[in-house]
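Geometric and topological summary
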Amino acid sequence: MRSQQVDFGNPSVHHSILSVAAPMLVAQILNLLYNIIDRIYIGKLPGEGTVALAGLGLCFPVITMVTAFANLFGQGGAPLCSIARGQQDTNGAQKIMNNAYFMLILTGIALTILGIAFHKPILYLFGASDTTYPYAAGYMVIYLLGTVFVMTSLGLNPYINSQGFAKIGMKTVTLGAISNIILDPIFIFVLHLGVKGAAIATILSQLLSALWVLRFLTGRQTELTLTFRGFHPDAACIWEITKLGTSSFVMSFTNGLVQIACNSMLQIFGGDIYISVMTVINSIREIAQTPVMALADGSSPVISYNYGAKQIPLMKKAIRFMTWICFGYTLVIWGLISGFPEFFIKIFNHDVMLIEKAVPALHIYFFGFFMMAFQFTGQCVFKALNKAKQAVFFSILRKAIIVAPLTFLLPHIAGLGVTGVFLAEPISNFIGGLACYITMRRTVLAKL
C-alpha cells in the first residue's frame with residue numbers, strides 16, 4: 001500500500017504533481033458522471049426530456065450547496081493535514097481529519113432536515129414553475145436523504161489524497177460512478193421511475209463511495225486513522241479548518257447563488273426553455289473545467305507539504321508548472337467549445353428549439369474561458385499556503401460581487417434580456433481571474 005503513496009518532497013515536482021493529478025483527474029471525471037449521466041438520461045426521456053431537464057436544473061443549486069459544505073471541512077482541512085505531515089506532526093494531522101469528519105456528519109444531518117422541510121418554497125424561489133416543480137421536487141427530496149453519504153465521500157476523500165494515496169482516492173469515486181452508470185438506466189427506464197429513479201441511483205452510489213472511504217481510513221493501510229475513540233471536538237481545530245475551508249465553501253456556495261439568480265432571470269425573460277439551456281451550459285462547463293480543477297487539486301498537497309517542510313524552490317516550481325498547464329488547457333477547450341458547440345449540446349439533448357437557443361448562449365458564456373486558469377491558479381496557491389483571507393475574498397469577488405449583480409442588471413440594459421444573463425460570466429472571468437492572479441503574484445510569490 002505504501003508503494004502507492006506519492007512522496008511530495010520529491011525534487012521532481014512535475015512528477016509529484018502529475019502523480020497526484022492524474023488519478024484525481026480520473027476521479028473527478030468519474031465524479032462528474034454522477035450528475036452528468038443523470039442529465040443525459042433525463043434529457044432523453046420520450047416526450048418530457050426538455051421539461052424534466054429544466055426540473056433537474058432547478059436542483060443544481062441544492063447539489064452545489066451540499067458540495068459547498070463538504071468542501072468547507074474537506075478542502076478546508078486537507079491542506080492543513082499536508083502542512084502538518086510536512087512538519088512530521090502525524091498526531092496533529094489525524095486530529096484535523098477527525099474533527100473535520102465530526103463536522104461533516106453534523107452538517108449533513110442538519111442539511112437533510114432543513115432541505116426536506118422547506119423544499120417547496122426553496123424550489124419556487126429558485127425559479128420553478130408549476131410545470132417543472134414536480135420533476136424538481138421528485139429529485140431533490142430523494143437526493144437530500146443521501147446527504148450524509150455525499151458529505152462522507154466528498155468530504156473525506158481529500159484526506160486520502162493529502163496523504164499521497166491519490167489512486168485510492170480515485171477508486172473511491174470510480175466505485176460510485178460505475179454504480180451510478182449501471183443503476184441509472186435500471187431505475188429511470190426499467191422501473192419507470194424517471195427523475196426519482198435518477199436520484200435513487202445517485203444516493204445508492206454515494207453510499208457505496210462513503211463505505212469505501214470509511215473502510216480505508218479506518219483500516220491499517222492508511223497513515224492517518226479515522227477514529228472517534230476518546231474523541232472530543234476541538235473548537236480551535238474546527239475554527240482553523242473552517243477558516244481555510246471558507247474559500248472552497250464560498251466558491252461552491254456562490255456558484256449555487258448564481259445559478260439561482262440565472263434561473264430566476266431566465267424564467268422572467270425566456271421561460272422554462274432557457275432554464276433547460278442553462279442546465280446544458282452548466283453541464284458543459286463542468287466537463288470543461290474538471291481537468292483544470294484536477295490539476296489545481298493535484299498541485300495543492302505538493303505546495304502545502306513543501307510549505308510545511310520549508311522547501312521554497314520546490315513550491316515555486318510547482319506553482320509555475322500548474323499555471324502554464326492550466327492556461328494551455330483552458331485555451332484549447334475554449335477553442336473546441338467555440339468551434340463545435342452543437343456537438344457538446346447534443347450530448348444532453350437533441351431538441352431543435354433548445355439547440356437553436358443554446359448555441360449563441362454557449363458562445364457568449366464561454367467567451368475568454370482561458371481567463372479561468374488565472375482564477376484556479378491563484379485560488380489554489382492561497383488555499384495551499386493557508387492564506388484564508390485572500391482565498392475567501394477572491395471567491396466572493398468573482399461570483400457574489402461581479403456575476404450575481406450583473407445577472408440581475410444586464411438583462412434590463414439595452415434590451416439584452418437573456419443575453420445579459422449569459423454575458424455576466426465572461427465579464428467576471430476577465431476581472432476576477434486577473435485580480436486573483438496578479439494579487440497572488442505580487443504578494444505570495446514576491447515574498448517567496
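Our subject in this report is the structure included herewith.

Thresholds applied
- Residues numbered from 1 in each chain as written.
- Predicted model: local features only at pLDDT ≥ 70, side-chain atom pairs only at ≥ 80, totals over all residues.
- Heavy atoms only, no water.
- Helix = DSSP H or I, 4+ residues; strand = E, 2+ residues; numbered from the N terminus.
- Expected span 1.5 Å × (residues − 1).
- Bend = angle between axes of the 7 residues up to and from the residue.
- Core = buried A, V, L, I, M, F, W, Y, C linked by side-chain atoms within 4.5 Å.
- Buried < 20%, exposed > 50% of the residue type's maximum accessible area, 1.4 Å probe, protein only.
- Contact = heavy atoms within 4.5 Å.
- Axes fitted to C-alpha atoms, helices over the stretch in contact; angles between N-to-C directions.
- Parallel < 35°, antiparallel > 145°, perpendicular 65-115°, else oblique.
- Left-handed = near helix turned anticlockwise from the far one by under 90°.
- Nonpolar A, V, L, I, M, F, W, Y, C, P; charged D, E, K, R; others polar.
- Phe/Tyr/Trp six-rings, centres within 6.5 Å; stacked < 30°, edge-to-face > 60°.
- Polar contact = N/O pair within 3.5 Å; in protein donor to acceptor, adjacent residues only side chain to side chain.
- Disulfide = S-S within 2.5 Å.

**With respect to helix α17 (residues 418-447)**
Given a rise of 1.5 Å per residue, 30 residues ought to cover 44 Å, and the 44 Å separating the end C-alpha atoms of α17 matches this to within 8%. Bending of α17 peaks at approximately 30° at the position of R441.

**Quick notes on the nonpolar core**
Of all hydrophobic cores here, the largest spans 129 residues; its most connected members are Y139, I284, I303, I345, F366 and F422. A total of 14 residues in this core trace back to one element, the largest contributor, which is helix α11 (residues 272-308). Not counting chain neighbours up to four residues away, the residues in contact with F422 comprise L266, Y274, V277, M278, I281, A361, I364 and Y365.

**Considerations on the environment of Y143**
Among the structural elements, Y143 can be located in helix α6 (residues 133-145). Sequence-distant contacts of Y143, defined by excluding residues within four places in its chain, comprise I63, V66, V150, A199, T202 and I203.

**Structural notes on the packing of helix α4 (residues 90-117) against α6**
At their nearest, the axes of α4 and α6 sit 9 Å apart, and the two run at 160° to each other. Taken together, α4 and α6 sit at an angle that is classed as roughly antiparallel. The two elements α4 and α6 meet at a crossing, and its hand is left-handed. Taking contact as the criterion, the partners of L111, T112, G115 and I116 in α4 are, on α6, M140, V141, L144 and L145. Taken together, the residues of the contact of α4 with α6 break down into six nonpolar, two polar and no charged.

**Some details on the packing of aromatic side chains**
Under the criterion given, the structure shown has 20 aromatic pairs. When the ring of F249 is compared with that of F253, the centres are 5.2 Å apart and the planes differ by 20°; the resulting orientation is stacked. Linking F249 with F253, this pair stays in helix α10 (residues 235-269), spanning four residues, or about one helical turn. Assessed through its relative accessible area of 16%, F249 is described here as buried. Overall, F253 belongs to the partly exposed group, its relative accessible area being 25%. Where F370 meets F430, the ring centres are 6.1 Å apart and the plane angle is 80°; that geometry is what we call edge-to-face. Within this pair, whereas F370 is found in the loop between α14 (352-365) and α15 (372-384), its partner F430 is found in helix α17, the two being separated by 60 residues in sequence. What makes F370 buried here is its relative accessible area of 17%. A residue is classified by how much of its surface remains accessible, and F430, at 30% relative accessible area, is partly exposed. An aromatic cluster of three or more residues is present, and its members are F327, W334, F367, F370, F374, F430 and Y437.

**Overview of the side chain of Q259**
The residue Q259 is located in helix α10 in this model. The exposure class assigned to Q259 is buried, which follows from its relative accessible area of 6%. A distance of 3.3 Å separates a polar atom in the side chain of Q259 from a polar atom in the side chain of T64. If near-sequence neighbours (up to four positions away) are discounted, Q259 is found in contact with F60, P61, T64, N282 and R285.

**Overview of unusual backbone geometry**
In the Ramachandran plot, Q88 falls in the positive-phi region, its phi being about 65° despite a non-glycine side chain. Q88 sits in the exposed class, given a relative accessible area of 63%. Although it is not a glycine, H192 sits at a positive phi angle of roughly 55°. Checked against the element boundaries, H192 lands in the loop between α8 (166-190) and α9 (194-217).

**Overview of the state of the cysteines**
All told, the structure shown has zero disulfides when counted by the stated rule. The thiol of C59 is unpaired, and the distance to the nearest cysteine sulfur, on C262, comes to 16 Å. A residue is classified by how much of its surface remains accessible, and C59, at 1% relative accessible area, is buried. Free of any disulfide, C81 has its nearest cysteine sulfur in C237, 8.7 Å distant.

**Some remarks on the side chain of N98**
If you trace the backbone, N98 turns up in helix α4. Look past the residues within four positions of N98 in its chain and what remains in contact with it is T225, L226, T227, F228 and F231.

**Overview of the packing of α11 against α14**
Here α11 crosses α14 at 50°, and the two axes come no closer than 9 Å. Regarding the angle of α11 to α14, the classification is oblique. Taken as a pair, α11 and α14 cross one another with a handedness that is right-handed. When α11 is examined against α14, the residues I273, Y274, S276, V277, M278, V280, I281, N282, I284 and R285 are found in contact with a partner set consisting of M353, L354, K357, A358, A361, L362 and Y365. Each residue belonging to the contact of α11 with α14 can be placed in one class, and the counts come to 13 nonpolar, two polar and two charged.

Keep in mind these numbers describe shape, not what the thing actually does.
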